Every structure is written in C-alpha cells, then in structure tokens.
Amino acid sequence: MNAIEVKNLVKVLSTGFVGKTEVLHQVTFNVPKGQACGFVGNNGAGKTTTLKCLLEFLTPTQGEILFFNEKLSVQNRIRIGYLPERPYLYEFLTAKEFLKFHWNLTFPNLNGFEEQAEKVLRLVGLYESRNKVMRKFSKGMLQRAGLAQALIHNPDLLILDEPMSGLDPDGRLLVKNILKELKLLGKTLFFSSHLLEDVDELCENLVVIHHGDILYEGEISSFRKQYQNLEQAFAAIKEKALLSKVMTSEKN
C-alpha cells in the first residue's frame, strides 16, 4: 500500500487581476507506506504548493490525491502529522501547554495526554524544557517543538516541509536523528528539501520536482546508479528535462 498517491495534480494560481499561472503540471507520484521519501527541488520548484494541495490548504485545480487508498477525510486526517516550513508557535506558552492546546483540538474528549506528551517530548529532546516558555527557545528547539506537535497524536504519516531549514549543524543533526528514530518506529516520512545530502542520508525513495514538473520518482539507489552523487544526477536529469521541453517546443 502507498501512504500517498498523487495523480495528475494541476494547480493554477491567479497572478494580478486577470492573469493565471499553472504552477503544477500533471504532478504524479507515490509515497510507499513505512518508508522515507524525499521531495527535492530548488526554491520555487513547487514543493510547498504541492504539500499545501495534499493537505487541502490549497484547492487543486485538477487531479486526485489519496492517503492510504482513501481521499482525505476527518477520519483519516488523524493518521497524518504535518510540520510547515515556518510553523507559528505560540511563544507565550510552554512546550507542554503548546502540545496540550493541539491535543485538545484533535482529541477533545480523550485521556492519555500526559503519557503521550512525555513520550514525544523525550523523543525530540525537550522533556527537560517542557515547562519553559517557548519565546526563550532557540531556533532548533522551536523546530523540535513543532515536530513534537506533529507527533502528539501518534500519526502513521509525517509530512514535513523543509524540517531542517535554518538550523545550525547541531540542530540539523538532532532533527535527522529524530527522523531516523521515527523510521525505526515504522512511520512513513515524506519531507521536502533542497539539500540532497539530507535526502541521501535519510530516504529510500525520491521525488524530484522542477518548475512544477516531476522529473523523477522512485528509489534513490536507481536514481544515482549511473552517477557519482545525487548532485550530479539531479543536474543531469534537469538538463534532460530542459532538452525534452526544447524539442517539444520546436515540434510545435
């Protein structure tokens, strides 16, 4: 089973009063259940727009999106955890109060918060700071607090938008170690990045997007089979896509 299936996703955005731009062009890919999949592309390639369409923060112009073979619904939203690239954290709350706020939104009548909060706070290395106001947190601590929020309801699938963006080397190492531990727990990870080394270290599968087009979908090992590293492979596949567009344009 695939955790995510995206079929022919198109998104047209308004530009100005009458202008429109198609930013996603027939985007199609799968994310296998129980594995880590990197979503790679340069800034402006369409990664965040795609993620927002998946989670219905933006309405797709066209296409089908399935989670665990079903369309997104109230019932299966509970299986998904999400961390945006720039999460808004209520800095006047403590880490534990922040998690309680989101727990009440998700499970208003469910017991078990204390046990689950301790589990995720220990996982992200914030248990000792659980009663500290988040305005005193470092960038890395805030990112880990956002990750704890995405995990508070024990989801099967985590969708993370640039989870290591802006972190110093120590913060990046901490987040990568957390993601590795989540993989060992059987979680499905789908995270965007423009840093190929992170994807290479953490993922079995790869989706490459460039200017709204999917250039590659599949195993990382197959992607880099004929190249020395992912950077070289990424540059080559972009060059092939550009050449294909030029040839198509000349034919038309």
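Participant: Where do I start with the packing of helix α5 (residues 139-151) against helix α6 (residues 169-184) in this structure?
Facilitator: Two packed helices can be described by the angle between their axes and the distance between those axes. Contact pair α5 / α6: the axes reach a minimum separation of 11 Å and the direction vectors enclose 20°. Judged on the interaxial angle alone, α6 and α5 are roughly parallel. Viewed along their axes, α5 and α6 form a crossing whose handedness is right-handed. Contacts between α5 and α6 involve R144, L147 and L151 from the former and L174, V175, I178 and L182 from the latter.

Participant: What's the story with the packing of aromatic side chains in this structure? I'm lost.
Facilitator: The way to describe two aromatic rings as a pair is by their centre distance and the angle between their planes. Using the criterion set out here, one finds 9 aromatic pairs in the structure. Seen in terms of ring centroids, F29 and F190 are 5.6 Å apart; in terms of plane orientation they differ by 35°. Their pairing is tilted. Of this pair, F29 sits in strand β2 (residues 19-32) while F190 sits in strand β7 (residues 188-193), and the two are 161 residues apart along the sequence. One exposure class covers both F29 and F190, and it is buried. Aromatic pair Y216 and F223: ring centres 4.7 Å apart, planes at 45°, arrangement tilted. In terms of burial, Y216 and F223 fall into one category: buried. An aromatic cluster is present here, built from Y90, F92, F98 and F101 joined pairwise through their rings. The ring of F68 carries R79 above its face, with NZ or CZ at 3.7 Å from the centroid. Against the face of Y127 rests R122, its NZ or CZ located 3.8 Å from the ring centre.

Participant: What is the right way to read the sheet that holds strand β3 (residues 36-40) from this model?
Facilitator: Across the sheet, which stays open at both edges, the 6 strands sit in the order β5-β6-β7-β3-β8-β9 with mixed pairing between neighbours. Every interior strand has two partners, whereas the edge strands, β5 (80-83) and β9 (213-219), have only one. Ignoring which end each strand starts from, the neighbouring axes of this sheet average 15° apart. Where strand β8 (residues 205-210) lies against β9, 6 bridges are found, and the strand directions are antiparallel. Bridge pairing links V208 to Y216 in β9. Helix α1 (residues 47-54) rests against β3, β6 (157-161), β7 and β8 of the sheet, and its axis sits at about 145° to β7. Lying on the sheet, α5 is in contact with β5 and β6; it crosses β5 at an angle near 160°.

Participant: Just to check I follow, could you spell out the environment of R144 for this structure?
Facilitator: Mapped onto the elements of the fold, R144 is located in helix α5. For the pair R144 and L123, spaced 21 residues apart in the sequence, the C-alpha separation amounts to 9.4 Å. Once residues lying within four places of it in the same chain are set aside, the contact partners of R144 are V124, G125, L126, L174, V175 and I178. In terms of polar contacts, R144 uses its side chain to reach the backbone carbonyl oxygen of V124, at 3.0 Å.

Participant: Whenever I open this one, the sheet that holds β2 confuses me. Can you help?
Facilitator: Note: strands within a sheet are paired through backbone hydrogen bonds, in either parallel or antiparallel orientation. Reading across the sheet, the 3 strands line up as β2-β1-β4 and stay open at both edges, with antiparallel pairing between neighbours. Strands at the two margins of the open sheet, each flanked by one partner only, are β2 and β4 (62-67). Averaged over neighbouring strand pairs, the angle between their axes works out to 20° when direction is ignored. Where strand β1 (residues 2-15) lies against β2, 10 bridges are found, and the strand directions are antiparallel. Within β2, the position partnered with V12 by the bridge is E22. Where α1 meets the sheet, it contacts β1, β2 and β4, and its direction lies at approximately 110° from that of β1.

The rules we used
- Residues numbered from 1 in each chain as written.
- Predicted model: local features only at pLDDT ≥ 70, side-chain atom pairs only at ≥ 80, totals over all residues.
- Heavy atoms only, no water.
- Axes fitted to C-alpha atoms, helices over the stretch in contact; angles between N-to-C directions.
- Helix = DSSP H or I, 4+ residues; strand = E, 2+ residues; numbered from the N terminus.
- Parallel < 35°, antiparallel > 145°, perpendicular 65-115°, else oblique.
- Left-handed = near helix turned anticlockwise from the far one by under 90°.
- Contact = heavy atoms within 4.5 Å.
- Phe/Tyr/Trp six-rings, centres within 6.5 Å; stacked < 30°, edge-to-face > 60°.
- Buried < 20%, exposed > 50% of the residue type's maximum accessible area, 1.4 Å probe, protein only.
- Lys NZ or Arg CZ within 6 Å of the ring centre and 35° of its normal.
- Pairing = 2+ DSSP bridges.
- Polar contact = N/O pair within 3.5 Å; in protein donor to acceptor, adjacent residues only side chain to side chain.

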